[in-house]
Amino acid sequence: HGALAGLAFQREMEQRAYNMGGGNFTVPVQRVTDFLQNKPSTSAPSSSYRLGVKPAACHEIYPAPLVAALKDALVNNFEKQMP
């Protein structure tokens with residue numbers, strides 16, 4: 001837990017995402033409905049990202065407390081903030 005702990009955390013999350021995408025800069029993606037149910041997505045919408053996207057279980061990239069906070073924000077706050 002030093003001054004650069006946030007950077008180390010970011011690096012670790014990026015490495016996990018890189019690995020989950022297959023290690024070739026394909027981006028792992030997960031539908032919100034699947035994220036909320038802790039299940040991997042089996043399909044993904046098309047994307048303009050030129051290296052491609054891959055359906056995945058992105059909830060596995062992040063620590064459980066962060067996943068819980070994201071779920072809470074999506075379920076309890078998202079529609080209140082978006083028209």
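(A) Layout of the overall build of the protein. Within the protein one finds four helices and two strands. Element order for the protein, N to C, with α for helix and β for strand: α-β-α-β-α-α. C-alpha atoms of the protein, sized along the principal axes, occupy 35 × 35 × 25 Å. Counting over 83 residues, the protein shows a buried share of 18%. If you take every contact in the protein between residues at least 6 apart in sequence, the share linking residues at least 24 apart comes to 61%. In the structure as shown, the protein presents an accessible area of about 6,200 Å², 58% of it carried by carbon and sulfur atoms. Considering the protein, the positive charge centre built from 8 side chains and the negative charge centre built from 6 side chains are found 5 Å apart.

(B) Spotlight on the side chain of K71. Turning to its location among the elements, K71 is positioned in helix α3 (residues 64-76). The charged side chain of K71 is buried without a salt bridge, its nearest counter-charge being E60 at 11 Å. In this structure K71 touches F35, L36 and N38, once residues within four positions along its chain are discounted.

(C) Up close: the pattern of salt bridges. Under the criterion given, the structure shown has two salt bridges. Between E12 and R16 there is a salt bridge whose closest N-O contact spans 2.5 Å. Residue E12 and its partner R16 are both found in helix α1 (residues 5-20); the two are separated by four residues, about one turn of the helix. Overall, R16 belongs to the partly exposed group, its relative accessible area being 32%.

(D) How the structure looks around the side chain of S41. Looking at where S41 falls in the secondary structure, it is placed in the loop between α2 (32-36) and β2 (53-55). By relative accessible area, which is 5% here, S41 ends up buried. With near-sequence residues (within four places) excluded, S41 lies in contact with V29, Q30, R31, D34, P55 and A56.

(E) Layout of the environment of N38. Its place among the elements puts N38 in the loop between α2 and β2. The partly exposed category is assigned to N38, whose relative accessible area is 43%. Once the C-alpha coordinates of N38 and E60 are considered, the two residues, 22 residues apart in sequence, prove to be 8.4 Å apart.

Analysis parameters
- Residues numbered from 1 in each chain as written.
- Predicted model: local features only at pLDDT ≥ 70, side-chain atom pairs only at ≥ 80, totals over all residues.
- Heavy atoms only, no water.
- Helix = DSSP H or I, 4+ residues; strand = E, 2+ residues; numbered from the N terminus.
- Buried < 20%, exposed > 50% of the residue type's maximum accessible area, 1.4 Å probe, protein only.
- Contact = heavy atoms within 4.5 Å.
- Areas by Shrake-Rupley, 256 points an atom, 1.4 Å probe, with all protein chains shown as cover.
- Lys, Arg positive; Asp, Glu negative; His and termini not counted.
- Charge placed at Lys NZ, Arg CZ, Asp CG, Glu CD.
- Salt bridge = Lys/Arg side-chain N within 4 Å of Asp/Glu carboxyl O.

Any functional reading would require information that these geometric values do not contain.
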